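Overview (structure and organization)
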Amino acid sequence: MSSLFTYTLRIADSSLILGQRMAEWCAKGPTLEEDIAFSNISLDMFGQANGFYEYAAQLDDSKSADDLAFLRNEREFFNHQMVEIENEHFGNTIVRNFLHDAFNLLFYTKLSESKDETLAALAAKSLKEVKYHLRHSTNWLIRLGDGTEESNAKAQKSLDNIWQFTAELFEMDKIDTELLNAGIAVDNKALKLEWDKIVNSTLTKAKLKRPEDGYMATGGKKGMHTEYLGFLLAEMQFLQRAYPDAKW
Amino acid sequence: MQNGKINKIWELLNTVPDPEIPVISVVELGVIRDVTFANNCYIISITPTYSGCPAVKAFQDDIKVCLKENGIANFELKIVYSPAWTTDWMTDTTKEKLRKYGIAPPSDTVICPQCDSEKTILISDFGATACKALYKCSDCLEPFEFFKCI
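Procedures and definitions
Residues numbered from 1 in each chain as written. Chains lettered and ligands numbered in written order. Predicted model: local features only at pLDDT ≥ 70, side-chain atom pairs only at ≥ 80, totals over all residues. Helix = DSSP H or I, 4+ residues; strand = E, 2+ residues; numbered from the N terminus. Buried ≥ 20, exposed ≤ 12 C-beta atoms within 10 Å, placed from the backbone. Contact = placed C-beta atoms within 7 Å. Pairing = 2+ DSSP bridges. Axes fitted to C-alpha atoms, helices over the stretch in contact; angles between N-to-C directions. Nonpolar A, V, L, I, M, F, W, Y, C, P; charged D, E, K, R; others polar. Domains from an automatic or database assignment. Parallel < 35°, antiparallel > 145°, perpendicular 65-115°, else oblique. Left-handed = near helix turned anticlockwise from the far one by under 90°.

**Concerning the overall build of chain A**
The number of helices and strands found in chain A is nine helices and zero strands. Its helices and strands in sequence order give chain A the pattern α-α-α-α-α-α-α-α-α, from N to C terminus. In terms of its C-alpha atoms, chain A occupies a principal-axis envelope of roughly 55 × 45 × 30 Å. By the burial criterion, 45% of the 248 residues in chain A qualify as buried. Pairs at least 24 residues apart make up 74% of the contacts formed inside chain A by residues separated by at least 6 positions.

**Brief notes about the sheet that holds strand E7 (residues 143-147) of chain B**
Judged by pairing direction, the sheet is mixed, and its four strands sit side by side in the order E4-E7-E6-E5 (chain B) without closing on themselves. Whereas interior strands pair on both sides, the edge strands pair on one side only; in this sheet they are strand E4 (103-104) and strand E5 (120-124) of chain B.

**With respect to the sheet that holds strand E3 (residues 75-79) of chain B**
All names here are of chain B. Strand order in the open sheet formed by three strands is E1-E2-E3, and the pairing between neighbours is mixed. One side of each edge strand has no neighbouring strand; the edge strands of this open sheet are strand E1 (32-38) and E3. With strand direction ignored, the average angle separating the axes of adjacent strands in the sheet is 20°. When E1 meets strand E2 (residues 41-46), the two strands line up antiparallel, connected through six bridges. Bridging across to E2, Thr-36 finds its partner in Ile-43.

**Observations regarding the interface of chain A and chain B**
Each partner contributes residues to the interface: chain A has 20 residues there, and chain B has 14 residues. For the side of chain A that touches chain B, the secondary-structure elements that each account for two or more residues are helix H2 (32-59) and helix H5 (117-145) of chain A. In terms of residue class, the side of chain A that touches chain B is built from eight nonpolar, six polar and six charged.

**Regarding the domain arrangement of chain B**
Residues and elements named next belong to chain B. Domains assigned within chain B are domain 1 (2-85) and domain 2 (90-147). Just the C-alpha atoms count here: the centres of domain 1 and domain 2 sit 26 Å apart. Across the contact, 10 residues belong to domain 1 and nine residues belong to domain 2. Residues of the side of domain 1 that touches domain 2, tallied by class, amount to five nonpolar, three polar and two charged.

**Re unusual backbone geometry**
In this chain, Ser-82 of chain B is followed by Pro-83 of chain B through a cis amide linkage whose omega measures -5°. Inspection of the secondary structure puts Pro-83 of chain B in the loop between E3 and helix H4 (92-101). Phi at Ala-27 of chain A is positive, roughly 75°, even though this residue is not glycine. Looking at the element boundaries, Ala-27 of chain A is found in the loop between helix H1 (3-23) and H2. Of note in the backbone geometry, Asp-245 of chain A takes a positive phi value of approximately 65° without being a glycine. Here Asp-245 of chain A shows up in the segment after helix H9 (228-242). Residue Asp-245 of chain A is classed as exposed on the basis of its C-beta count, with 6 C-beta atoms lying within 10 Å.

**Description of the packing of H2 of chain A against H5 of chain A**
Residue and element names in this part refer to chain A. Remark: H2 packs on H5, axes separated minimally by 11 Å, with the N-to-C direction vectors making an angle of 165°. It follows from the interaxial angle that H2 and H5 lie roughly antiparallel. Classified by chirality, the crossing of H5 by H2 is left-handed. Where H2 approaches H5, its residues Ala-37, Ile-41, Asp-44, Gln-48, Gly-51, Phe-52 and Tyr-55 are matched on the opposing element by Thr-118, Leu-122, Ser-126, Glu-129, His-133 and His-136.

**Brief notes about the environment of Thr-86 of chain B**
All names here are of chain B. With respect to the secondary-structure elements, Thr-86 resides in the loop between E3 and H4. Overall, the presence of 14 C-beta atoms within 10 Å leaves Thr-86 in the partly exposed class. Residues Thr-86 and Thr-120 lie 34 residues apart in sequence; the distance between their C-alpha atoms is 23 Å.

What follows is the structure, given as structure tokens:
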């Protein structure tokens, strides 16, 4: 596996898994508008994932984009652990998405300047959509945090729980460093300062307290995951596993 | 000869409607980026509106059917991502078609397509398709869709 293949796969995996989580809200949204919003965001995520998987499939001729999405096991997925944690309630989904959207905005901004033309083009495309996603999650986070006592308490609790998954977003491993030196990858570490600014200013508006860094989860890049990913894959991949190459 | 056929292909593509908004064609939508000829094959470059828009797959199929029905078999559809699709590529004529169809066209001010009022309120950033948001007019009280600027 080339470094570029793995790097591309990681981006695709985070989009796919978050897209699948958003799709779980379909027909279960708290209001019709939010149901539609989550389904739209889910579609954007699947579309973005597809673009990156198609590119990964070009880099490794033996696999198609569908093979990559549907025929890999848990340990072969390289997404951020944050995107696989469960939706739970609406506020929990909003907190998770907000933290990840803020990262995506900065990440795609930088990736759109990559020397790899395909990654740069896919990033520029994704960036337009992610801006919209961040606006949506930001508005809701403020409404929930600065809402009722109960909505504030629930949002704060989710924030405290999910915080442990934020450090992983900024990690750099050998592959990242190698491709960063080649002008292809993003310097994730360097995004932290700007991410802190976005997060801090929104949390202040939302009357939520930024949690202290405590135990911080890690491992997504190496294929190590939370207990939730296996269940998600079992549902998402069922059809292709049970009926290989099924078409309709 | 090929140039003549390229013009013909553009004309044909201009008859393929957007699957969701049938009053405008895929050319008017701005997703057909180029038609070129190489190695005895016409290459039609298409850019998606939104990454995950299901209409993209649908209009690719429609394009294939349209060209084949008109005797053009040596063509290939190629997806291009750069430059990313923008609503800036829509002409004023296209925007007018959207307005008449009841969709507020992309613009800085969201104007009600029913009564032309500028007093409109956002109901939801997301609509029935990826490219639209939901609005309501404060004057005529009609809800309507707005084609988002991206």
